[in-house]
Amino acid sequence: MKESFTSWIHSAQDRICTSLESADGKARFREDLWTREGGGGGRSRVIEKGGLFEKGGVNISTVHGELPELIRKRFDVDQGQFYACGLSLVLHPESPMVPTVHANFRFFELYEKEGGEAVDSWFGGGADLTPYYIFEEDARHFHQSYKTTCDRFHPDLYPRFKKACDRYFYNEHRGEVRGIGGIFFDYLRSEKSQNLAFWHEMTRACGDAFLSSYLPIIERRRETPWGEPERYFQELRRGRYVEFNLIHDRGTLFGIKTGGRTESILMSLPPRVRWDYNVTPEPGSREAETTEVLRKPRDWV
């Protein structure tokens, strides 16, 4: 299982980067290889100042070694070893009409001692969309892509993962969700009817659905006109994105606390952002529509 999923994240990174470079038409991903002092490392790929993407990254990591204190406390163990691997991506297009997107697919395993049998294993991941201007066609397409994928495995999965996504990507200090959601799942362990192999295939299928969930939205919106007012609103909303990642996101905290590469972890932050004081959109405007949608999650399919 570990070797199979690790192989998949490497091939998925290659496929996704190739397709995104083609969509951008100008910039190419810059690759950095890094190692972790405690064991393992990763391959970060970042794209910047492109024809479409202002900033983005598609990263993979495989880290292992002695359990950091953060993980020991979370799982109430005194010692042990771990292995974690995953693919994580964030894309910030320059156009305010093209949404930001995030996705992550990962596998985690715990061992009592180095070289020992696994005592716990699970999968996690998800994908979510953060538009600055609401296009219902895009929202429906994104959600339908993952509903179709999840329905191949069980009809209860998409509603369950969609609800978890809305609950997780919530800026409680603002009283609003980060975007229009998608799917989110974690701690998917072997069960009676759904063993670890089931979750392995499901997680990979969701990862393979990413390009078809996002690229059609790019093509529909990349030529939509925009100007400084739209750019201003985009930068305000990006501020909320940063707030979530730095205040609430468990992945950011895990990476920092386990000795991950800081540049790769904080790659998710947008390049241009603002926090103007107490800005309120004009009633009836498209900006007000976005703000209203983000106050309460909606069902899109």
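Residues numbered from 1 in each chain as written. Predicted model: local features only at pLDDT ≥ 70, side-chain atom pairs only at ≥ 80, totals over all residues. Heavy atoms only, no water.

Draft legend 1. View of the overall build of the protein. Check the secondary structure of the protein and you find 10 helices and nine strands. Overall size of the protein, expressed as C-alpha extent along the three principal axes, is 60 × 40 × 35 Å. Within the span of the protein, comprising 301 residues, buried residues form 54% of the whole. For the protein, long-range pairs separated by at least 24 residues make up 69% of all intrachain contacts whose partners lie at least 6 apart in sequence. Counting only carbon and sulfur atoms, one obtains 47% of the accessible surface of the protein, whose full area is about 14300 Å². (Helix = DSSP H or I, 4+ residues; strand = E, 2+ residues; numbered from the N terminus. Buried < 20%, exposed > 50% of the residue type's maximum accessible area, 1.4 Å probe, protein only. Contact = heavy atoms within 4.5 Å. Areas by Shrake-Rupley, 256 points an atom, 1.4 Å probe, with all protein chains shown as cover.)

Draft legend 2. Looking closely at helix α10 (residues 286–293). Turning to α10, its buried residues number three or more, namely Glu287, Ala288, Thr290, Thr291 and Val293. Against the buried residues of α10 lie α7 (228–247).

Draft legend 3. The layout of surface pockets, seen in detail. What the largest pocket holds in volume is close to 490 Å³. Around the largest pocket sit 22 residues that line it, and Arg240, Val279, Thr280, Pro281 and Thr291 are the ones nearest its centre. Of all the elements in the fold, those that place two or more residues in the lining of the largest pocket are α7 and α10. At five residues, the largest contribution of residues to the lining of the largest pocket is made by α7. (1 Å grid on protein atoms, 1.4 Å probe; cavity = no way out; pocket = protein on both sides within 12 Å on 5 of 7 lines; lining within 4 Å. Points joined across faces, edges and corners; volume = space filled by probe spheres on them.)

Draft legend 4. Seen up close, the nonpolar core. Formed by 53 residues in total, the largest nonpolar core has its most connected members in Leu89, Phe161, Phe210 and Tyr214. Top contributing element to this core by residue count: helix α1 (residues 2–24), with seven residues. Once residues lying within four places of it in the same chain are set aside, the contact partners of Phe161 are Cys150, Gly182, Ile183, Phe184, Phe185, Leu188, Trp199 and Met202. (Core = buried A, V, L, I, M, F, W, Y, C linked by side-chain atoms within 4.5 Å.)

Read these as spatial facts, not as claims about activity.
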